[in-house]
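Residue-level listing of the chains:
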Amino acid sequence: MKVSEILSASDVAHSFGDVDVLEDISLSVEAGTVTALIGPNGSGKTTLLRVLAGILSPTAGRVDYHGPEAEREIGYMPQQPSFRSGFTAAETLAFYTSLVGGDPESLLDRVGLEQAETRNVEALSGGMRRLLGIAQATVGDPPVIILDEPGSGLDPGMRQQTFEVVEELAIDGAAVLLSTHDMTLAAEFADQIILIERGAVVEAAEPTQLFAEYDCESLQAVFETVFETGTAVDVAGETA
């Protein structure tokens with residue numbers, strides 16, 4: 001359920017030296033929704049997420065948080081979440097909850113890792129590490145949660161579980177913004193799709209609105225139409 005705008009970008013640009021990566025991006029996300037950021041490789045998705053998360057400062061424009069006062073306003077998971085070696089899953093989360101509050105066990109339960117709490121992070125599968133990364137991003141219950149490719153490289157079952165966790169976070173009231181190449185799950189779980197190419201937003205709409213606008217029956221077909229490419233993006237997040 002859409003509640004209210006909680007994070008917005010206005011005319012945001014970002015450059016690395018002389019290379020312009022983002023240009024005049026304006027968007028908004030709402031509490032209680034899932035927003036999926038989709039675009040070709042190299043389109044600026046990761047840079048945009050890092051700017052929205054406050055990790056990078058925009059070269060121009062501004063990012064504004066409109067949500068409630070919180071000790072941690074935005075939680076962020078990078079493409080490759082990393083954890084201190086030698087720690088168990090529970091100990092990893094206990095360190096972060098000691099800083100901003102929260103219960104490690106409830107966080108593990110939230111992402112379905114309650115049976116792995118005593119397992120060292122090095123012994124976790126790739127899917128479990130991503131779920132632990134999501135749990136880490138939600139420490140302190142931030143109103144905005146930003147996830148960079150949470151389903152990348154996972155098998156279909158684990159990707160489905162990951163998106164179900166994302167959906168539950170939104171049901172609990174968080175605004176979740178993620179990047180993904182999984183068109184099927186994005187269409188199923190996202191309330192808003194933002195299409196980005198060459199550092200600029202091309203479209204921002206609900207999946208059904210995109211289907212109607214481009215007379216397509218799938219998000220993959222929309223992707224190919226918008227970006228004028230016959231290159232398929234499979235559900236593993238790799239080009240084929």
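Scroll up a little and you will see the structure.
The structure contained in this document is the topic of the report that follows. Fair warning: this is a prediction, and the values are worked out from it, not measured in the lab.

### Looking at the overall build of the protein
Part 1 of the reasoning: Counting secondary structure elements, the protein contains 8 helices and 9 strands.
Part 2 of the reasoning: Compactness check: the protein gives a C-alpha radius of gyration of 17 Å against a globular reference of 18 Å for 240 residues, within 12% of the reference.
Part 3 of the reasoning: For the protein, buried positions account for 49% of its 240 residues.
Part 4 of the reasoning: The long-range share in the protein, meaning contacts at least 24 apart out of those at least 6 apart in sequence, stands at 69%.

### Some words on the sheet that holds strand β1 (residues 5–16)
Part 1 of the reasoning: Taking strand neighbours across the sheet as the criterion, the 3 strands line up as β2-β1-β4 in an open arrangement whose pairing is antiparallel. In the strand order of this sheet, the two ends are held by β2 (19–30) and β4 (60–65), each with one partner. The sheet shows a mean angle of 15° between the axes of neighbouring strands, direction not considered.
Part 2 of the reasoning: Judged from the 8 bridges that link them, β1 and β2 form a sheet pairing that is antiparallel. Following the sheet pairing, S15 is matched in β2 by D20.
Part 3 of the reasoning: Running over the sheet, helix α1 (residues 45–52) touches β1, β2 and β4 and is turned about 60° from β2.

### Brief notes about unusual backbone geometry
Part 1 of the reasoning: Although it is not a glycine, D24 sits at a positive phi angle of roughly 50°.
Part 2 of the reasoning: Note that D24 resides in strand β2.
Part 3 of the reasoning: A positive phi angle, close to 55°, is found at E149, a residue other than glycine.
Part 4 of the reasoning: For E149, the position within the fold is in the loop between β6 (144–148) and α5 (156–171).

### Things to note about the side chain of S179
Part 1 of the reasoning: With respect to the helices and strands, the residue S179 is situated in strand β7 (residues 175–179).
Part 2 of the reasoning: Judged by relative accessible area, which is 1%, S179 ranks as buried.
Part 3 of the reasoning: In terms of polar contacts, S179 uses its side chain to reach the side chain of D148, at 2.7 Å.
Part 4 of the reasoning: From its side chain, S179 meets the backbone nitrogen of E149 in a polar contact 3.0 Å long.

### Some details on the environment of V176
Part 1 of the reasoning: Position of V176 relative to the elements: it lies in strand β7.
Part 2 of the reasoning: Classification of V176 by relative accessible area gives buried; the value is 2%.
Part 3 of the reasoning: Leaving out residues up to four positions away in the same chain, V176 has contacts with T33, V34, T35, I145, L147, V166, L169 and A170.

### Side note on the sheet that holds strand β9 (residues 200–205)
Part 1 of the reasoning: Ordered in space as β5-β6-β7-β3-β8-β9, the 6 strands form an open sheet in which the pairing is mixed. Each end of this open sheet is capped by a strand with a single partner; those strands are β5 (74–77) and β9. Taking the axes of each pair of neighbouring strands and ignoring which way they run, one obtains an average angle of 15° across the sheet.
Part 2 of the reasoning: Alignment of β5 against β6, held across 4 bridges, turns out to be parallel. From the neighbouring strand, I74 faces β6, where its bridge partner is V144.
Part 3 of the reasoning: Across the face of the sheet, α1 comes into contact with β3 (34–38), β5, β6, β7 and β8 (192–197) while running at roughly 155° to β6.

### Quick notes on α1
Part 1 of the reasoning: With 6 of its 8 residues buried, α1 lies for the most part within the structure.
Part 2 of the reasoning: Every buried residue belonging to α1 is among K45, T47, L48, L49, V51 and L52, and all of these are buried.
Part 3 of the reasoning: At the C-terminal side of α1, G54 shows a positive phi close to 85°.

Calculation criteria
- Residues numbered from 1 in each chain as written.
- Predicted model: local features only at pLDDT ≥ 70, side-chain atom pairs only at ≥ 80, totals over all residues.
- Heavy atoms only, no water.
- Helix = DSSP H or I, 4+ residues; strand = E, 2+ residues; numbered from the N terminus.
- Rg over C-alpha atoms; globule rule 2.2 N^0.38 Å.
- Buried < 20%, exposed > 50% of the residue type's maximum accessible area, 1.4 Å probe, protein only.
- Contact = heavy atoms within 4.5 Å.
- Pairing = 2+ DSSP bridges.
- Axes fitted to C-alpha atoms, helices over the stretch in contact; angles between N-to-C directions.
- Polar contact = N/O pair within 3.5 Å; in protein donor to acceptor, adjacent residues only side chain to side chain.

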